[in-house]
Structures are given as C-alpha cells and as structure tokens.
Amino acid sequence: MDEGNIEVVKIPSDRIGALVGKNGTIKNKIERELGVKLEISEDGEVTIFSTENTEDPLATWKGRDIVRAIGRGFTPEKALKLLSDDYVLEIVDISDYASTANALRRLKGRVIGSGGKSRRYIEDLTDTDVSVYGKTVAILGEYEPAQIAKEAVCMILRGTSHAKMYKYLESHRQDIKRRELELWK
C-alpha cells in the first residue's frame, strides 16, 4: 500500500461512538462512499487507508476531514457534507488566544455568546456550521463562507466587540449575495 494513501487522525475517545454509529452505520457509510477503510483504536486513533475501491485521489484526505469534523463535535450528517469537493473544514485552536484555563473558558463563551446567539449569528450569516468543542472552534461550509466565518471567530477571540464582528459578517454577506446575483445575470 502506498504511504501517500494513509491518514492518521486522533479524536477524543468520547467521540468514537459518533464516528462508528449504531451497529457501525456511520463508519460503514464513510468507507462505502469514499472507498476507504477506517481502523479505530480504543484511544481514538483513526487510520484511514485507501483500498482497491478508492477512485477519488483525495478520498483519504476527505476521510480525514470527516473524521476530524466528527471528532470536533459535528454530527455525522453534517460531517458527511465534506464528501463534496465544495465543502471544507476549518479548525481554530482557542488555546492560541488564551493563556489560562479561565481565559479559555471565557473565550469559548464569547464565541458561543449568550444563549448561543453569537454562534448562531455566524452560522446564519455565512451559511456554515460551527462547533465549539474542547479547545477548538470548527467551521464546516463552502470555502469562501467558511473563511469569512473563521475570520469572525478569530475577531472574537482577539477581543473584537460582537457588534464589530456582526458588521463584518453583514458586509461580507452582502458581497456574497451581490456576486451570486451577478452569476445569474
């Protein structure tokens, strides 16, 4: 087997069940859709191998990103959007912005917002999915909106006010809408 067709990902052990799914349904679906094989250890190390059924040269990378997305708290249904070449996964490490455990908790709270408002706003204005899990914020969506959502998250982590971040998102949403309209002309 070619070394270039193997990816290894470590996920939290409490996310193994979500990756495997009831009676192995999720694991089997990933293997079937991508033509890869997943080996999952008890400590959360997942090895993704290409097989003779692998047609997509990026299959092991897609498998890696799907496994990482599930490991970062996304539902398998959302993570499987990564089967499409149009979707990307972006992960921001909150500990890059926090020097203490207290600061980490505070920053997670800022990203989520009161009653989840901030996270929902980011998701709604960028049409992405956002998961705050452990020390990370993961963003799943189409490339350009995911980059905008990632920048919005980084703004909050750097201490930018929520109001400024909302303005940033709204202005970019208008740009995207304008470009979409021009495509239809």
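Each chain carries its own residue numbering, running from 1 in the direction its sequence is written. Per-residue local features are limited, in this predicted model, to residues with pLDDT of at least 70; the limit for side-chain atom pairs, both in listing and counting, is 80 or more; totals at the level of whole chains, interfaces and linings are taken over all residues. By convention in this description, side-chain values take in all heavy atoms of the structure and omit both hydrogens and water.

**Q** Which parts of the structure should I look at to understand the sheet that holds strand β3 (residues 45-50)?
**A** Strands pair in a sheet through their backbones, by hydrogen bonds, and they do so in one of two ways: parallel or antiparallel. By this definition, two strands are paired if DSSP reports at least two bridges between them. The secondary structure listing takes helices from DSSP runs of H or I that are at least 4 residues long and strands from runs of E that are at least 2 residues long, numbered from the N terminus. Spatial strand order, β1-β3-β2: three strands in an open sheet with antiparallel pairing. Two strands close off the open sheet at either side, each with one partner strand: β1 (6-10) and β2 (36-40). Across the sheet, the axes of successive neighbouring strands diverge by a mean angle of 20°, strand direction being ignored. Where β2 meets β3, five bridges bridge the pair, whose relative direction is antiparallel. Paired with Ile-40 across the strands is Val-46, a residue of β3. For every element, the axis is a line fit to its C-alpha atoms; helices are fit only across the contacting stretch, and the angle between N-to-C directions ranges from 0 to 180 degrees.

**Q** Explanation requested: a negative patch on the surface in the structure shown.
**A** The patch calculation keeps residues exceeding 30% relative accessible area without a salt bridge and links them within 9 Å when they carry like charges or within 5 Å when they are nonpolar (Val, Leu, Ile, Met, Phe, Trp, Tyr). The Shrake-Rupley method, run with a 1.4 Å probe sphere, supplies the accessible areas, and residue values consider only the shown protein chains as cover. Salt bridge, as used here: a side-chain nitrogen of Lys or Arg that lies within 4 Å of a carboxyl oxygen of Asp or Glu. Positive: Lys, Arg. Negative: Asp, Glu. His and the chain ends are not part of the count. Where a charge lies is defined by one atom per residue type: Lys uses NZ, Arg uses CZ, Asp uses CG and Glu uses CD. A grouping of Asp-86, Asp-124, Asp-127, Glu-142 and Glu-180 is seen on the molecular surface, where their side chains present a negatively charged patch. With respect to the element layout, Glu-180 can be found in helix α8 (residues 162-184).

**Q** Help me understand the pairing of β3, please; the structure alone is not making it clear to me.
**A** Each regular strand shows side chains that alternate between the opposite faces of the sheet. Relative accessibility under 20% of the residue-type maximum defines a buried residue, over 50% an exposed one, and the middle range a partly exposed one, all with a 1.4 Å probe and only protein chains included. Counting buried residues in β3 gives five out of six residues, a clear majority hidden from the surface. The sheet contact formed by β1 and β3 spans five bridges and is antiparallel. Within the sheet, the bridge partner assigned to Lys-10 lies in β3 and is Glu-45. Between the end of β2 and the start of β3, which pair antiparallel, lie four residues, with Gly-44 showing a positive phi angle near 95°.

**Q** What exactly am I supposed to notice about the pattern of salt bridges here?
**A** It is possible for side chains bearing opposite charge to pair when their charged atoms get close. Tallied over the full model, the rule gives 13 salt bridges. One salt bridge connects Lys-62 with Asp-85, and the closest N-O pair in it is separated by 2.6 Å. Residue Lys-62 is found in helix α3 (residues 59-71), and its partner Asp-85 is found in the loop between α4 (76-79) and β4 (87-93); the two are separated by 23 residues along the sequence. On the basis of relative accessibility, which here comes to 11%, the residue Lys-62 falls in the buried class. One salt bridge in this structure joins Lys-78 and Asp-129, with 3.6 Å as the shortest N-O distance. Of this pair, Lys-78 sits in helix α4 while Asp-129 sits in strand β5 (residues 129-133), and the two are 51 residues apart along the sequence.

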